[in-house]
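Chain by chain, the residues run as shown.
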Amino acid sequence: MTTATPTTTAGAQVPTPRRRSRLGDRLTAVRAVPMLPAGILLVVFMLGPILYSLYLAFTDSAIRGEGASDTSFVGFTNFTDAFTDADFWNSVVLTLVFTLISAVIGQNVLGMLLALLMERANRLMTFTVTSIVIAAWILPEVVAGYLLYTFFADGGSLNTLLTSVGLPGQDLLFSAPIIAVSFANIWRGAAFSMLVYSAALSSVPGDVYESAALDGAGPVRRFVSVTIPLLRPAIATNLMLTTLQTLSVFGLIFIMTGGGPARQSQTLPLYMYEQAFSYGQLGYGTAVALLLLLIGALASVAYLRLLPEEDKR
Amino acid sequence: MTAADPTATAPAAGLRDAAPTTTTARRDPGPRRRKATRAAGTSLASTIAMVVIGIVFLVPLLWVVLASFDTEASLSVGWPKRWSLGNYAAIWNTETTFRPLANSLVLCGGATILTMVTAVLCAYPLSRYRFRAKRPLLLTIIFSTGLPITAIMIPVYSMFVQVNLIDSMGGAILFLGASSLPYAIFLTKGFMDGVPLEIEESAWTEGAGVYRTLWSVVLPLMRSGLSVATIFTFVSMWGNFFVPFMLLLSPDKLPAAVTLYTFSSQYGQVAYGQLAAFSIFYSLPVVVLYLFLGRNLGQGFAAAGGVKG
């Protein structure tokens, strides 16, 4: 990621008789040609929609009705509409709850726990369990949605297990759907954090722990004052990635609950989808999408502050 | 193990009473022996914790496997009374299974090729030359990997309607390919940085051009990295539901991700077994690809975690 590593510059300056190699040299127009296809794709299909959404959010664009035939500029109306809509605030709160429970706490803590256990537990069991956890992660989103729907459903696996040990059955999909989809997202996403943390832990030299142990630090103490500070960059990056992924989860919730019952699990992406396509309000839906992006940006800035100084540049 | 870690102390105490090796440790509590006992206790406790987590994660996976072989499957996990391939037989036709899977293959295969070819081409100058805008450019690419695609789907839909690309496989491939580009460029550039310049320079002095060098010297040397990036790209596209759900409409163009949803809203309430069988068919390719990836999986993660910087 560094601009010009010493090796690159040195490699370019090796005096060869016929010096045709210009690697590590300056980029010229001809040399930039290979970047064009990617550049065009990104400008047309990524930058384009982002800029277009900045326009769309301020119009009354719609699939049917007045805004469809004759789209007009409406200023901040879409945003003021959103801020005065109770359903919008309901979605904001649910999105924050969903992200906090499933990404910030669930996936990160469970991922870290699994990564720590991986280093200590029996080899064969570690292999088996991590394979299961990774399998949950690689399954397509829609399949994961169905599997977790059957797990939490009234006659589903969880209730069979609970009643078989004499506990009362649950009805999370109706009583607390946001909790059910949060657990589903933990199930689906824990492997990502586990792999990130296990890669990070393996780069921590073992003698750091040994000297901490010699100084009389217990396991909890060692974790808090040795492991966590050393893993701070990985933790900050992972928090950011899982938060951004979780903020935009659509399929999992759409399949499990459809946002219901009575909007009790309607996070912002589902609210946005409902407004834009069930009610046909494209302009309003885009305004909501921009607010979702804003939440993601704020979260990213917060996590970047967690990074140690030297990693920021 | 101090009292601060109760999960580890309890089984360790149990082990000390049971195992014969640890009785000697009690008789002669040398520091090394005590340490070994302690390590064994930690290992046992960790293994138990691991198994508990594993069982919780396993139940939903077990459901899909068992239900797919049970024509009378319910929502709950359970051993089939009679093992049968009836569910697989019921969905073994073009309409339900083969066409959606073929569509998925065209959509995700096409987009993966598009992404990887353009990503490799783009990563080469980024990795090999110096220029002032490089750092901001790289940072922009890294930040756009985190851009929630869900949030730009409405403007994309609206744009596609205007240029008549809605319900076009080509349009969906272009968008899906572009949306995976930032991460693919980031990964590819990282792997390319690991290819030493010296080898390439000798190819240059022998008169090979840029593209020839890239194709026959650089790419073969980053084969394992490239396969990681390609598989990551393909698998994330294979599981993508929202993009084809928004951009494709005709039933004969829909990929498996979307037909699984429509299938369930039509028959899902009764045919859980068939739903499970179809889920297995649909998930099989990504499982196979990950098995193929095996140990190389870590490579993508060292990069994702920012560990390598």
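Chain B goes by Carbohydrate ABC transporter permease in an unreviewed UniProt entry, where it is assigned to Brachybacterium rhamnosum. As stated in UniProt under Subcellular location (unreviewed entry), the record for chain B gives "Cell membrane". Here is the UniProt Sequence similarities (unreviewed entry) comment for chain B, exactly as written: "Belongs to the binding-protein-dependent transport system permease family."

In the annotation of an unreviewed UniProt entry, chain A is listed under the name Carbohydrate ABC transporter permease and assigned to Brachybacterium rhamnosum. On record in UniProt, under Subcellular location (unreviewed entry), the comment for chain A is "Cell membrane".

**Q** What exactly am I supposed to notice about the overall build of chain B here?
**A** For chain B, the helix and strand inventory stands at 15 helices and zero strands. The proportion of buried residues among the 309 residues of chain B is 46%. Considering only residue pairs separated by 6 or more positions, chain B has 74% of its internal contacts joining residues 24 or more positions apart.

**Q** Help me understand the overall build of chain A in this model?
**A** The number of helices and strands found in chain A is 17 helices and zero strands. A total of 313 residues make up chain A; the buried ones form 43% of that total. Once local pairs closer than 6 in sequence are excluded, the contacts in chain A between residues at least 24 apart make up 67%.

**Q** How should I be thinking about the UniProt feature "transmembrane region" (unreviewed entry) in chain B in this particular structure?
**A** When the UniProt feature table is mapped onto this chain numbering, "transmembrane region" (unreviewed entry) sits at residues 42-66, 101-124, 136-157, 169-187, 226-250 and 270-293 of chain B. Helix makes up 100% of residues 169-187 of chain B and strand makes up 0%, while its end C-alpha atoms are separated by 27 Å.

**Q** Explain the UniProt feature "transmembrane region" (unreviewed entry) in chain A here, please?
**A** The UniProt entry lists residues 28-52, 92-117, 129-152, 172-197, 239-262 and 282-304 of chain A under the feature "transmembrane region" (unreviewed entry), expressed in the numbering used here. The span residues 282-304 of chain A shows a helical share of 100% and a strand share of 0%, and its end C-alpha atoms are spaced 33 Å apart.

**Q** How do you make sense of helix α14 (residues 272-293) of chain B when you look at a structure like this?
**A** Along an α-helix, residues three or four apart share an orientation, since each turn contains 3.6 residues. Residue and element names in this part refer to chain B. End to end, α14 covers 31 Å across 22 residues, agreeing with the expected 32 Å (1.5 Å per residue, within 8%). The largest bend along α14 reaches roughly 40° and is located at Ser283, with the proline Pro285 sitting one to four residues downstream. Looking one or two residues past α14, Gly294 carries a phi angle of roughly 45°, positive in sign.

**Q** Please explain the packing of helix α5 (residues 86-120) of chain A against helix α13 (residues 232-247) of chain A as it appears in this structure.
**A** For any two helices packed against each other, the geometry is given by the interaxial angle and the distance between the axes. Residues and elements named next belong to chain A. With their axes 9 Å apart at the nearest point, α5 and α13 run at an angle of 140° to one another. Classified by the interaxial angle, the pair formed by α5 and α13 is oblique. α5 and α13 meet at a crossing whose hand is right-handed. Contact residues: α5 offers Thr95, Phe98, Thr99, Ser102, Ala103, Val104, Gln107 and Asn108, while α13 offers Asn238, Leu239, Thr242, Thr243, Thr246 and Leu247. In terms of residue class, the contact of α5 with α13 is made up of five nonpolar, nine polar and no charged.

**Q** Help me out: how do you make sense of the confidence of the model for chain B in this one?
**A** Note: predicted coordinates in regions of low pLDDT should not be interpreted at a detailed level. All names here are of chain B. Averaged over all residues, the pLDDT of chain B is 80; the fraction at 70 or higher stands at 82%. Low pLDDT (under 50) marks residues 1-27, which in the prediction has 36 contacts with non-local residues, meaning those over four places away or in another chain. Low pLDDT, under 50, characterises residues 304-309; the stretch is placed with 20 contacts to residues that sit more than four places away or in other chains. Across the interfaces of the predicted complex, the ipTM metric reaches 0.82, alongside a pTM of 0.83.

**Q** Would you mind going over the packing of α13(A) against helix α16 (residues 282-304) of chain A with me for this structure?
**A** All names here are of chain A. Interhelical geometry of α13 versus α16 gives an angle of 170° and a closest axis separation of 9 Å. By the angle between their axes, α13 is roughly antiparallel relative to α16. For the pair formed by α13 and α16, the contact residues are Ala236, Leu239, Met240, Thr243, Leu244 and Leu247 on the first element and Leu292, Ile295, Gly296, Ala299, Ser300 and Tyr303 on the second. When grouped by side-chain class, the residues that make up the contact of α13 with α16 number nine nonpolar, three polar and no charged.

**Q** Can you walk me through the environment of A:Phe88 in this structure?
**A** Secondary-structure assignment places A:Phe88 in helix α5. In this view, A:Phe88 contacts A:Ala82 and A:Tyr271; residues no more than four positions away in its chain are not counted.

**Q** How should helix α8 (residues 169-193) of chain B be read in this particular structure?
**A** Residue and element names in this part refer to chain B. With 25 residues, α8 ought to run about 36 Å at 1.5 Å a step, and its terminal C-alpha atoms sit 35 Å apart, in line with that. The principal kink in α8, of about 45°, is found at Leu181, preceding the proline Pro182 by one to four residues. For α8, the buried fraction is high: 22 of the 25 residues fall into the buried class.

**Q** Please explain the environment of A:Ala212 as it appears in this structure.
**A** Residue and element names in this part refer to chain A. Secondary-structure assignment places Ala212 in helix α11 (residues 206-214). Using a count of 18 C-beta atoms within 10 Å as the deciding quantity, one classes Ala212 as partly exposed. Those residues in contact with Ala212 that sit more than four places away from it in its chain are Ala217, Arg222 and Val226.

**Q** Before we go on, may I ask you to explain the confidence of the model for chain A in this structure?
**A** Confidence in the prediction of chain A, expressed as mean pLDDT, is 84, and 89% of residues score 70 or more. The weakest mean pLDDT in chain A belongs to helix α1 (residues 6-13) of chain A at 42; the strongest belongs to α5(A) at 93.

**Q** I keep staring at unusual backbone geometry and nothing clicks. Help me out?
**A** Negative phi values dominate among residues other than glycine, just as trans dominates among peptide bonds. Residues and elements named next belong to chain A. Unlike most non-glycine residues, Ala262 shows phi in positive territory, near 50°. For Ala262, the location among the structural elements is in the loop between α14 (251-256) and α15 (268-278). The class of Ala262 is exposed, set by 10 C-beta atoms lying within 10 Å.

**Q** Any chance you could explain the environment of B:Ile149 here in plain terms?
**A** Here B:Ile149 shows up in the loop between α6 (134-145) and α7 (153-162). Taking the C-beta count within 10 Å as the criterion, B:Ile149 has 18 such neighbours and is therefore assigned partly exposed. Spatially, the C-alpha atoms of B:Ile149 and B:Ser180 are 9.7 Å apart, while their sequence positions differ by 31 residues. If near-sequence neighbours (up to four positions away) are discounted, B:Ile149 is found in contact with A:Ser248, B:Ser179 and B:Val243.

So, how was this worked out
- Residues numbered from 1 in each chain as written.
- Chains lettered and ligands numbered in written order.
- Predicted model: local features only at pLDDT ≥ 70, side-chain atom pairs only at ≥ 80, totals over all residues.
- UniProt positions renumbered as here; feature names shortened; annotations may be inferred.
- Helix = DSSP H or I, 4+ residues; strand = E, 2+ residues; numbered from the N terminus.
- Buried ≥ 20, exposed ≤ 12 C-beta atoms within 10 Å, placed from the backbone.
- Contact = placed C-beta atoms within 7 Å.
- Expected span 1.5 Å × (residues − 1).
- Bend = angle between axes of the 7 residues up to and from the residue.
- Axes fitted to C-alpha atoms, helices over the stretch in contact; angles between N-to-C directions.
- Parallel < 35°, antiparallel > 145°, perpendicular 65-115°, else oblique.
- Left-handed = near helix turned anticlockwise from the far one by under 90°.
- Nonpolar A, V, L, I, M, F, W, Y, C, P; charged D, E, K, R; others polar.
- pLDDT = per-residue confidence, 0-100.

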